[in-house]
Amino acid sequence: MSMGKFKNIVFGWVGFLGVFSLHGAPTFNREIAPIIYAHCSPCHRNSQAAPFDLITFQDVKKHAEQIATVVESGYMPPWLPEQNPAGFKNDRSISSSERAALLEWVSIGAPEGDPQDLASSPKWTVGWAHGVPDLIVKMPLPYLIGPEGPDIYRNFVIPNVVSSNVNVRMVEFRPENPRILHHTFIKVDMTESSLALEKQGGEVGFTGMNSDAIMPTGQFLSWQPGKQPDASAPVWTLKKGSDFLIQTHLTRSGKPEQFQATLGLYFTPEPAETNYVKLFLGSLALKFKAGETNQVVEDSFVLPVSCDVASVLPHAHYLCRKMEANAFTPDGRVIPILTINKWDFNWQGDYQYAAPIHLPQGTVLKIRYTYDNSALNPKNPNNPPIDVYFGPQSKDEMCEFWLQVLIKDATERKVVQEALDVKWKELTQASILQSLARNPADSVALADLGLLKLGNGKIQEAEVLFTRAIRVNSQSEMGHYRLALVYRMTKRYLDANRELRRALAINPSNEKAWGTLGFVEAEMGHAGPATEAFEKALKLDPSDTYAQSALKDLKNFVPN
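Cut-offs applied
- Residues numbered from 1 in each chain as written.
- Predicted model: local features only at pLDDT ≥ 70, side-chain atom pairs only at ≥ 80, totals over all residues.
- Heavy atoms only, no water.
- Pairing = 2+ DSSP bridges.
- Helix = DSSP H or I, 4+ residues; strand = E, 2+ residues; numbered from the N terminus.
- Contact = heavy atoms within 4.5 Å.
- Axes fitted to C-alpha atoms, helices over the stretch in contact; angles between N-to-C directions.
- Core = buried A, V, L, I, M, F, W, Y, C linked by side-chain atoms within 4.5 Å.
- Buried < 20%, exposed > 50% of the residue type's maximum accessible area, 1.4 Å probe, protein only.
- Lys, Arg positive; Asp, Glu negative; His and termini not counted.
- Salt bridge = Lys/Arg side-chain N within 4 Å of Asp/Glu carboxyl O.
- Polar contact = N/O pair within 3.5 Å; in protein donor to acceptor, adjacent residues only side chain to side chain.
- Parallel < 35°, antiparallel > 145°, perpendicular 65-115°, else oblique.
- Left-handed = near helix turned anticlockwise from the far one by under 90°.
- Nonpolar A, V, L, I, M, F, W, Y, C, P; charged D, E, K, R; others polar.

A few words on the sheet that holds strand 3 (residues 152–158). One key point about sheets: their strands pair by backbone hydrogen bonds, in either a parallel or an antiparallel sense. Taking strand neighbours across the sheet as the criterion, the four strands line up as 3-8-5-6 in an open arrangement whose pairing is antiparallel. Looking along the sheet, the strands with just one partner apiece sit at the ends: strand 3 and strand 6 (222–223). The pairing of strand 5 (residues 181–189) with strand 8 (residues 243–250) spans eight bridges and is classified as antiparallel. Bridge pairing links Phe185 to Gln247 in strand 8. Against the sheet, helix 6 (residues 193–201) contacts strand 3, strand 5 and strand 8, and its axis sits at roughly 120° relative to strand 3.

Residues Leu279, Ile337, Phe401 and Leu403 are the most contacted members of the largest nonpolar core, which totals 46 residues. Look past the residues within four positions of Leu403 in its chain and what remains in contact with it is Phe220, Val277, Lys278, Leu279, Leu281, Val309, Ser311, Val312, Ile337 and Leu365. Val166, Trp223, Trp236 and Phe244 belong to the second largest nonpolar core, which has 28 residues in total.

It is worth spelling out the side chain of Asp372 at this point. By the element assignment, Asp372 lies in the loop between strand 18 (364–371) and strand 19 (388–389). Here Asp372 sits buried without a salt bridge, and the closest side chain of opposite charge, Arg321, lies 5.1 Å off (N-O distance). Within the structure, Asp372 has its side chain in polar contact with the side chain of Ser374 (distance 2.6 Å). Residues within four places of Asp372 in sequence aside, it is in contact with Glu292, Thr293, Leu319, Arg321, Asn377 and Asn380.

Remark: helix 8 (residues 443–455) packs on helix 10 (residues 477–489), axes separated minimally by 9 Å, with the N-to-C direction vectors making an angle of 25°. On the basis of the axis angle, helix 8 is roughly parallel to helix 10. For the pair helix 8 and helix 10, the crossing hand works out as left-handed. Where helix 8 abuts helix 10, its residues Ala447, Asp448, Leu451 and Leu454 lie against Met478, Gly479, Arg482, Leu485, Val486 and Met489. Here the residues of the contact of helix 8 with helix 10 sort into seven nonpolar, one polar and two charged.

Next up on the list: the sheet that holds strand 20 (residues 399–406). Ordered in space as 11-20-14-17, the four strands form an open sheet in which the pairing is antiparallel. One side of each edge strand has no neighbouring strand; the edge strands of this open sheet are strand 11 (276–283) and strand 17 (351–359). Sheet twist, expressed as the mean angle between neighbouring strand axes with direction ignored, is 30°. Direction of pairing for strand 11 relative to strand 20: antiparallel, over a ladder of eight bridges. Bridge pairing in strand 20 links Gly282 to Glu400.

Moving on to unusual backbone geometry. Omega for the bond connecting Met76 with Pro77 falls within 30 degrees of zero, at -10°, which places this linkage in the cis form. Position of Pro77 relative to the elements: it lies in the loop between helix 4 (64–73) and helix 5 (96–107). Cis peptide bonds are those with omega within 30 degrees of zero, and the linkage from Asn383 to Pro384 qualifies with 5°. Assignment of secondary structure puts Pro384 in the loop between strand 18 and strand 19. A positive phi angle, near 45°, is found at Asn160, a position not held by glycine. Using a relative accessible area of 53% as the deciding quantity, one classes Asn160 as exposed. Even without glycine at this site, Glu192 takes up a positive phi of about 70°.

Attention shifts here to the environment of Leu135. Take Leu135: it is sitting in strand 1 (residues 135–138). By relative accessible area, Leu135 is classed as partly exposed at 24%. Distance in space between the C-alpha atoms of Leu135 and Ile152 is 29 Å, their sequence separation being 17 residues. If near-sequence neighbours (up to four positions away) are discounted, Leu135 is found in contact with Val161, Val162, Leu263, Gly264, Leu265 and Phe267.

If you want it as C-alpha cells, here you go:
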C-alpha cells in the first residue's frame, strides 16, 4: 500500500472516530508514548520475548511503519479474545481510539513532539517479579536449536522438584532466551512417564503430548509474552517427588540458539484451595475432511451446581478459525464466556476474568469451534490438505475448552466431579471407537476400551477385549496387565501371575504391575516373591501406600 493511500485511509478512520487530539496532531511524547508503554514495551524490551526494543522515540520511529501494519491488521498487540462484559485481567488489547491515534501518528511522519510532554518511561522489575522465590529449579541441560526450519514444539522435564509435599501460592516462569519462545504450558508429572519419554529419545526433551503430566487440580499454569505471575491464584499442593513438564513452542531466529528455563516457586503455609475445579468441554473424536472450509464441532455441559468462572483456557491447532463459548441460564439469559474470531495457535493462553462470572445451577455451557481444512486456510500444515483426526501432534487437531471454576464446598465438588467423570468416559469411548473404526487391530484402543468396560463392571466383555489386544500385539503391555486384573478379580491367580510377568517383561518399570504382582503372590501364599514384588513397586514409586501397607502386614496376607 502506498503511503499516500495509507494516509487517506487513516485520516478517514480518525475523522470517523473523532480521536483528533485537543492539542492538534498526535506526537510521540504526548499521545503515543503512553500507548507504546502500555501495549508494546512490556515485551519489546531487553531480555523479553519480542525481537527488538520499543522504549525510546528512536526505537519506535525506526519501526513506525511496521507498527502501523501489524496494529492495523490486528496482529499486534497479541490478544485473541473479543471484549467480554466481565473484562479480563492483563488485557493486552488496544482500543479503537488508541489504534487510530497510532495510525494517524505514523501517517503524518511520526513526529517526536515537545520533550516536556513525555512522561517518564516505566520502571521495569529486574529479576524475579515478586522477590526471591522459596525454591528455584532449572532444566538440567539446555536444548540446542538450529538456525533454520519449522517451529519446534517440545517438552522438557525438571525432575524430582521437592523432597516433601509443599503448598504453592505462585509459580514464576523465566526463560533464559525469551525471544525464541512463543508460549509455554507448565504441568506436573507424578508418574515419571515424562522422564521416561525424555530418556527414550536420548536428547534433551521429547515431542508429542503422550505423557501423564497434568496441570495441578484447578490450576492453569502458562506463560505467554507479557504475562506476569498471578499472586492471587489459588494455592495448590506440589507432591513429593513430582517432576515438572515444560511444554513449549519455540521459534528460530536465523542463527543457532539454545533454550533453557527456570521456575521460581513461592510457598505458603496456607492450605491448598480445594474448591477450584476445571471443567472440560470439547471432543476427542475429531475428523476434518480435506478441502472442507466450514466444519463445526459443538459440545455442552449442564452445571449440576452453581459456580463462579475465574478463567478459561481454549485450545486447538492450526485448522481452527473461530471459537465461541456461551452460558445459557435456566431463566433464559445468555452469558458470553469467550469469543475468538481469529484463532491463532501461536498466541494461545489462558484468560482470567477481572470479575468472576457467576453461573447458577442448571446453566448449560456450550462451545462451538469452526475449522477450515482447505487450501484457503493459510495456516493449514498440509499442502495439499488431507483428512485430519484428533491427535497430540500439531499436524493433528484438537478441540478443548477448559474453565477454572470455584465451587461452594467439598459436597458440591463431589457432585461436579461425578458429572465430569461421566462426561469424560463418554468422550473417551467416542475417541476409542473412532480409533477402532480406523484400525480394528489397534491394540492400545482395544485395551483402553476393555478398561472402560471393566470400570463399568462388564468383566467378561473386558476380558474379551484384553485378549484381542494381546492377540493382535503380543507386546501389548496394557493388554497383559489389564487381563491380569480380570484374572485376579475372578480369583484365577496362576493366570494373573503369568500375565503380570509378561507385562513386566515388556516394561520392568511398571510399578502398578509390580504392586499387583505382590498381591497376587501373597494371595497364592508366596511370601518371598510377594515381598520382592512390593519392594520393587516401592522402589519405582515410594508414595505407593498400598504397597507400603501390604509389605508391613504381609503376614496377614499370606496364609500360614
